[in-house]
Structures are given as structure tokens and as C-alpha cells.
Amino acid sequence: IVIKYALPVQVLTDGSEVACDGNEVSCYVDANAASYTGVQWQRSTDEGANFNNISGETNATYTHIASVLENNYQYRAMFTYGEGCTSYSDSKTFTVSEPPVASITGDTLIPVGGSVKIAANGGTSYTWNAQNHSKFEDIGDGRIVVSNADFYYVTVSNGNCSATTSITMYSA
């Protein structure tokens, strides 16, 4: 009797294992892994107690669109070898978060010689920019004071995910 042992194979991810709903995520097996003849990606919806084959996913890389409905699902690869042996990679868990709903409030008309305060909402951090590089005063908590007509946009983040929205400011 000859017993062959498959070397353990690591599943790697493209970047973070935290994803935003609607973004693409990927797992791939280490290219230097043991010589296998087939791979089948599997998913667990019950914290790793059971894994089921993902139909048609038989390449070294598995890519899909993340969904909050799949938050904390685990993924692994099952490998087959020439002698009918199988082994499993380690599993990776993806945390999938909802992106923020970004919005801007405030008057869009700047009075002659004056300024207007506008505010971004929906996140925990805010990064403002102006299309034509107009100057503005960032007064914190997503609020800025503008005195020039321009197209202003803000990226709103909730830690893991971000969204961008914009507003056009006009001179009176």
C-alpha cells in the first residue's frame, strides 16, 4: 500500500477580506502549490460546518460580486490529484458591508461676496474636492464653507466602504 499526502495549499485573496456590497472579490490558490490535477471551489454558509461545490468554479482563481447576503461566508478550494486523492485548502471568510448612502445638504446659490455652508451626510469620514480647484474651508464633520461657484464632490466613507456624490454651486 502506498499512501501519498497532499501538501497543504493556501488560499490567498486580492487585498482585504473585507468587501463592500456590489464589489468584486477574488480568491486564488498559491501558484507554488502541490501539483494537483483539478480544483473545485466550495462555499460554506454555516461558519465552516459544511462546504458545497460552487457550480462551474474549477479554475485556480474564483471571482464573484460580493453581497451582504453572503456576509461571513467561507470559501475554500478542493484539490484532486492523479491517484484520486483529495485535499482542501484553508478557508477564507469575507466580511461584506453595505456602502454608505452619500448625500449633500445646503443651499446651492452663493450670495454676491458671501459664502454658503454645505454638509455631507451618510458616513463617518468625508473627503471634499472641487472640480476647478476652488478653495473651500473644511469646518469638520463633513461640512465645508464655499464662496466660489464650482462643482464640488465628496467621498463619504463608513470605514470599509465609500460612496461619492456631488453638488454644483452657483453664484448669485
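If you're wondering where the values come from, they're calculated on a predicted model, not measured in any experiment. (Residues numbered from 1 in each chain as written. Predicted model: local features only at pLDDT ≥ 70, side-chain atom pairs only at ≥ 80, totals over all residues. Heavy atoms only, no water.)

## Some points on the sheet that holds strand β15 (residues 136-140)
Alright, step 1. Strand order in this open sheet of four strands is β11-β13-β16-β15, and the pairing throughout is antiparallel. Each of the sheet's edge strands pairs with one partner strand only, and the pair in question is β11 (103-105) and β15. On average, each strand axis in the sheet is tilted by 25° relative to the strand beside it, whichever way the strands run.
Alright, step 2. Pairing analysis gives four bridges linking strand β13 (residues 116-121) to strand β16 (residues 143-146), with the strands arranged antiparallel. Along β16, the bridge assignment pairs Ile118 with Ile144. (Pairing = 2+ DSSP bridges. Helix = DSSP H or I, 4+ residues; strand = E, 2+ residues; numbered from the N terminus. Axes fitted to C-alpha atoms, helices over the stretch in contact; angles between N-to-C directions.)

## A closer look at the state of the cysteines
Alright, step 1. Overall, the coordinates contain one disulfide when judged by the stated rule.
Alright, step 2. The disulfide that involves Cys20 links it to Cys161, with 2.0 Å between the sulfurs. As the torsion about the S-S bond is roughly -115°, the Cys20-Cys161 disulfide counts as left-handed. Separated by 141 residues along the polypeptide, Cys20 in strand β2 (residues 18-20) and Cys161 in the loop between β17 (150-157) and β18 (162-171) bring together distant segments of the chain. In terms of burial, Cys20 and Cys161 fall into one category: buried. (Disulfide = S-S within 2.5 Å. Buried < 20%, exposed > 50% of the residue type's maximum accessible area, 1.4 Å probe, protein only.)

## Describing the packing of aromatic side chains
Alright, step 1. The tally for this structure, following the rule as stated, stands at five aromatic pairs.
Alright, step 2. Seen in terms of ring centroids, Tyr62 and Tyr75 are 5.7 Å apart; in terms of plane orientation they differ by 35°. Their pairing is tilted. Pair noted here: Tyr62 is in strand β6 (residues 61-65) and Tyr75 is in strand β7 (residues 74-80), with a separation of 13 residues, a long-range link.
Alright, step 3. The exposure class assigned to Tyr62 is buried, which follows from its relative accessible area of 4%.
Alright, step 4. By the ring-pair criterion, three or more aromatic residues cluster together here, those being Trp41, Tyr62, Tyr75 and Phe94. (Phe/Tyr/Trp six-rings, centres within 6.5 Å; stacked < 30°, edge-to-face > 60°.)

## Side note on the pairing of strand β4 (residues 38-44)
Alright, step 1. Among the seven residues that make up β4, six are buried, leaving the element largely enclosed by the rest of the structure.
Alright, step 2. Both β4 and β7 contribute to a ladder of seven bridges, which runs antiparallel. Residue Gly38 lies in a different strand from β7, and its bridge partner there is Thr80.

## Side note on the sheet that holds β17
Alright, step 1. Taken in spatial order, the four strands of this open sheet run β12-β18-β17-β14, and their pairing is mixed. The strands lining the two open edges of the sheet, one partner per strand, are β12 (109-110) and β14 (125-130).
Alright, step 2. The pairing of β12 with β18 spans two bridges and is parallel. Within β18, the residue paired with Ile110 across the bridge is Ser171.

## Details of the confidence of the model for the protein
Alright, step 1. Predicted confidence across the protein gives a mean pLDDT of 87, with 88% of residues reaching 70 or more.
Alright, step 2. Note that residues 1-8 has pLDDT below 50 and, in this model, five contacts with residues that lie over four places away or in other chains. (pLDDT = per-residue confidence, 0-100. Contact = heavy atoms within 4.5 Å.)

## Re the environment of Gly113
Alright, step 1. On the secondary structure map, Gly113 appears in the loop between β12 and β13.
Alright, step 2. Remark: the alpha-carbon pair of Gly113 and Ala172, spanning 59 residues in sequence, is separated by 9.3 Å.

## Considering the environment of Tyr153
Alright, step 1. Structurally, Tyr153 can be placed in strand β17.
Alright, step 2. For the pair Tyr153 and Ala130, spaced 23 residues apart in sequence, the C-alpha to C-alpha distance is 6.3 Å.
Alright, step 3. In this structure, Tyr153 is in contact with Thr127, Trp128, Asn129, Ala130, Gln131, Thr164, Thr165 and Ser166, ignoring residues within four places of it in sequence.

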